[in-house]
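Residues per chain, in single letters:
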Amino acid sequence: MFKQLFTTLQGFAGDMNRFLLFFLFCFSLTLVKASDYLPGKYKLTGKVVNKKDGKKIEYATIRLYNVSDSSMVTGGVTDSLGQFSISVDKKGNYYALVNFLGFKELAFSGITFENSKTHDLGTIELAPDEELLEEVVVESAYNNVDYQLDKKVVNVDQQLTAGGGTAVEVLENIPSIQVDIEGNVSLRGSTGFLVLINGKPSVLDPTDALRQIPASSIQKIEVITNPSSKYIPDGVGGIINIILKKSRINGFSGNINANAGSFGTYGADVLFNYKKDKVSFTFGGEYNDRKSITDNRDNRETYFNDTTLFQDSEGFGTRNRGGGSGRFGLDIDFTENDLFSIEGKVGIWRMERSMNQTYSTYSYPIDTNLNEYVTGLSRFGGLYGNASLNYIHKFKQKGHELSLQGTYGYRNNKEFNESFLYPFINGPVYQGSRLDEVGPSHRLDSRIDYSLPFAKYFGMDLGAQFRYNYSADDIAIAEYDTTINQMVDDPSKSNEISYTRYIPGVYLIFKGEIKNFGFQAGLRAEYTNREVNSITLDSITKIERFDFFPSVHLSYKFKKDFQMMASYTRRINRPRGWNLEPFVTWTDLFNVRQGNPDLLPEYIDAFELNMIKTWKKVRFSLESYYRITNNMTQRIQSVYDEGVILSRFENVGRDHSLGVEAMLNWTIFKWWEISLNANGFFYKIEGEVNDINLDNESFNWNARISTTFKVGKFLRFQLDGNYTSAGVTPQGRTEDYFVVNLGIRSEFLKKTLTIGAQIRDLFATGIRESIAEDITFRNYRYRFNRAPQFSLNISYRFNNFKQKRNKRTEDDGY
């Protein structure tokens, strides 16, 4: 059945471009037609003027709420004459709020639609808010990070130092997250985490997906370190969910952003939204080209056949990450209780690295000296796309809901890696290698979720999910032939492989509240069927396995401003495709890699105990955690040949992380606030590989301080300091480092135009050093991204573009 499914998917991918064009065209027509067939039955009208001088106010906001549950029904803005006309679909009792920046908000009650088709609010006079105009007020830190039962929600608009960057730069200043010098993200020390975009899995690898999302297109980020059984259980560290911006205000609105920075970095993104009555259509696009220069230094010793080979290298490399994409979304509220949406995205991602390195090689006891020069070029990237359908039906009882979701993703990866060895700069090539790897991948994800409240304070969530993945890789290796001065393919080193995996699963959660005590207990069951087919080696490795993932979340509110939360979850980190390759692949002249088809998944048991205390101007959060990882997977290095290092993935044992994370937000004055975050944990490794003991332990800690203040009405400054301590790895250690970033932002034209500037690594202190060693080798690495790095970004918002309010409750999952 799955071979037939894959054949169908291949045919779909082949016509992907034509399909997407047709898709966009059809739904553009749907937008127009749906708008015609879903008109509002009632009208709310009026005119808004300045009470002080009687002038018409354009772009004033009108929001209509249902009296019964205070839910927002619809909204709109005034036109150039200060007038508005808002369609209302259902009879009932409503109230309205009317406001504009710098004016006091007015409320209107007694709005009833039944016999009368139109309700006219007449001329609304808004009075200027003199206190707001005169005071110097800073947005509260409470808007920066919101702590909920099972996650931290970060407001991206408050991250001034990340302006003009990507989701990776935003994450650098978020509690529980670290980013290394190459932009790789880790969540509480683990690179094994799951990335969701609008609650749906990305077809790209986690860090690659984050690099493709401009910071300016993100509304908020949810960091879920201990997800419940309702969520996909993949990832050691948890889940990072990126919520993209979307407007729900009637009419046409949009947001345009552009940025430029050091080393020729530039980018731009646009987002437009059109809403009429029950239909909303969103479309946008982005392109970015981000560059950096890294200084490198390596000192390698390899012990092979009673000979020690020393290799000292120094040089620099360039890194260029970028790509472009377009996305669209269509939301239709067929009724107040039936919501349908479709989303799609297609793009091209790429990453390019170049290397210019001088090598000095000598050996002992044989005294030989050789000076060489190496150049290298690596390219990664390809086409990707995904589409999703969503349907939600809300029953009469609050919280009683049925939802359906289907997602398809496609990616065509390409990897190119070429390096040359010269006796001196601009000399003749006397050794070279090239790797070409091409492979498509397909992903299907469908799920159904049902929520049923009962007995007033209790509820139940249950659902089912099916995930299917297929990927293939064709790897070609070539070596430089000095007799003809060109690359020649080496069939003995080339390989072809495919991976197939499908995972059906079900879950059940029981939850409730008893006075101040809240609880949630769940269980998820999954069946995994995985097949790795090495076509070159004519070998197939299959795995069939049942797994169970329990979760428990408890909370207790002692007072209105103090609560404690405890949780336990079990998670899994499954090997990626290239972790399973059974053959040796040459990545350059001095490094080879090999996967392990017998690699077991990592199983994680995670415990958390958290507390939150709020005062008038201060919020304090303390999170303690203990995490055990079984079947810990590590890239183990060893000597493959003289001067050549092999990296192979192995299950090496288990690790333990026991730590405390503290966060303090303090509004010192109305114009100055400070945010402190510190994470300290004891880390212990227990394991061995190839009879080599890997036991190691250390106390690691990192701290962040961010201070924000406002000068005048529209100027804000932000200064961030990040420190990460030294730590251990299974084969060595990493050294500590410290980075300071500065951001400034100012708003103009009634806050429709925003200009910002950033300086990253202000004092050029972000040096990363590491050592890896065993009885066969020792390798020291030095990396430094040249700094400081400057960037400038500009954003324009028109027709009062406002972000969509998230209607999901805090315990919703994906």
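Everything below is about the structure printed above this text.
Reading the values: rules and limits
- Here the residue numbers are simple positions, counted from 1 along each chain's written sequence.
- Reporting of local features is limited, given that this is a predicted model, to residues whose pLDDT is at least 70; pairs of side-chain atoms are given and counted only at 80 or more, and all residues count toward the totals for whole chains, interfaces and linings.
- Excluded from the side-chain calculation are hydrogens and water; included are all heavy atoms of the structure.
- When DSSP finds at least two bridges between two strands, those strands are taken to pair.
- Helical segments are the DSSP runs of H or I of at least four residues, strand segments are the runs of E of at least two, and each set is numbered from the N terminus.
- Lines fitted to C-alpha atoms define the axes, with helix axes restricted to the stretch in contact, and inter-axis angles between N-to-C directions lie between 0 and 180 degrees.
- The criterion for an aromatic pair is that two Phe, Tyr or Trp rings (for Trp, the six-membered ring) have centres within 6.5 Å, with stacked assigned to planes under 30 degrees apart, edge-to-face to planes over 60 apart and tilted to the rest.
- With a 1.4 Å probe rolled over the protein chains alone, any residue whose accessible area is under 20% of its type maximum counts as buried; one over 50% counts as exposed, and the rest are partly exposed.
- Whenever Lys or Arg places a side-chain nitrogen within 4 Å of a carboxyl oxygen from Asp or Glu, that contact is recorded as a salt bridge.

Engineer: Talk me through the sheet that holds strand 6 (residues 106-113); I want residue IDs and the actual numbers.
Structural biologist: Strands sit in the order 3-2-5-6 across an open sheet of four strands; the sheet is antiparallel. A strand with exactly one partner marks an edge of an open sheet, and here the two such strands are strand 3 (72-77) and strand 6. Between one strand axis and the next, the sheet turns through 20° on average, direction left out of account. By the bridge criterion, six bridges tie strand 2 (residues 61-66) to strand 5 (residues 92-99) in an arrangement that is antiparallel. Bridge pairing links Tyr 65 to Tyr 95 in strand 5.

Engineer: Can you tell me about the pairing of strand 34 (residues 644-669), naming the residues and giving the values?
Structural biologist: Judged from the four bridges that link them, strand 31 (residues 591-594) and strand 34 form a sheet pairing that is parallel. Bridge pairing in strand 34 links Gln 594 to Arg 648. Taken together, the 16 bridges between strand 34 and strand 35 (residues 672-689) define a ladder with antiparallel strand orientation. Across the sheet, Thr 667 pairs through a bridge with Glu 673, a residue of strand 35. Linking two consecutive strands that pair antiparallel, namely strand 34 and strand 35, is a turn of two residues.

Engineer: Which residues make up the packing of aromatic side chains, and what are the values?
Structural biologist: Counted according to the given criterion, the structure contains 31 aromatic pairs. Taking 6.1 Å as the distance between ring centres and 40° as the angle between the ring planes, the aromatic pair formed by Tyr 373 and Tyr 422 counts as tilted. Residue Tyr 373 is found in strand 21 (residues 368-394), and its partner Tyr 422 is found in strand 22 (residues 401-422); the two are separated by 49 residues along the sequence. With a relative accessible area of 14%, Tyr 422 lands in the buried category. When the ring of Phe 458 is compared with that of Phe 510, the centres are 6.2 Å apart and the planes differ by 5°; the resulting orientation is stacked. With Phe 458 in strand 24 (residues 458-481) and Phe 510 in strand 26 (residues 495-514), this pair connects stretches of sequence that are 52 residues apart.

Engineer: With reference to specific residues and values, describe the pattern of salt bridges.
Structural biologist: This model, assessed by the stated rule, comprises 27 salt bridges. Its salt-bridge partner being Glu 581, residue Arg 593 comes within 3.8 Å of it at the nearest N-O pair. Here Arg 593, found in strand 31, pairs with Glu 581, found in the loop between strand 29 (562-573) and strand 30 (584-588); they are 12 residues apart in sequence, far enough to count as distant. For the residue pair Arg 593 and Glu 581, the accessibility class agrees, reading buried in each case. Through salt bridges with shared partners, a single ionic network connects Asp 234, Arg 467, Arg 524, Glu 526 and Arg 574.

Note that every value here comes from positions in space, so none of it alone points to a role or purpose.
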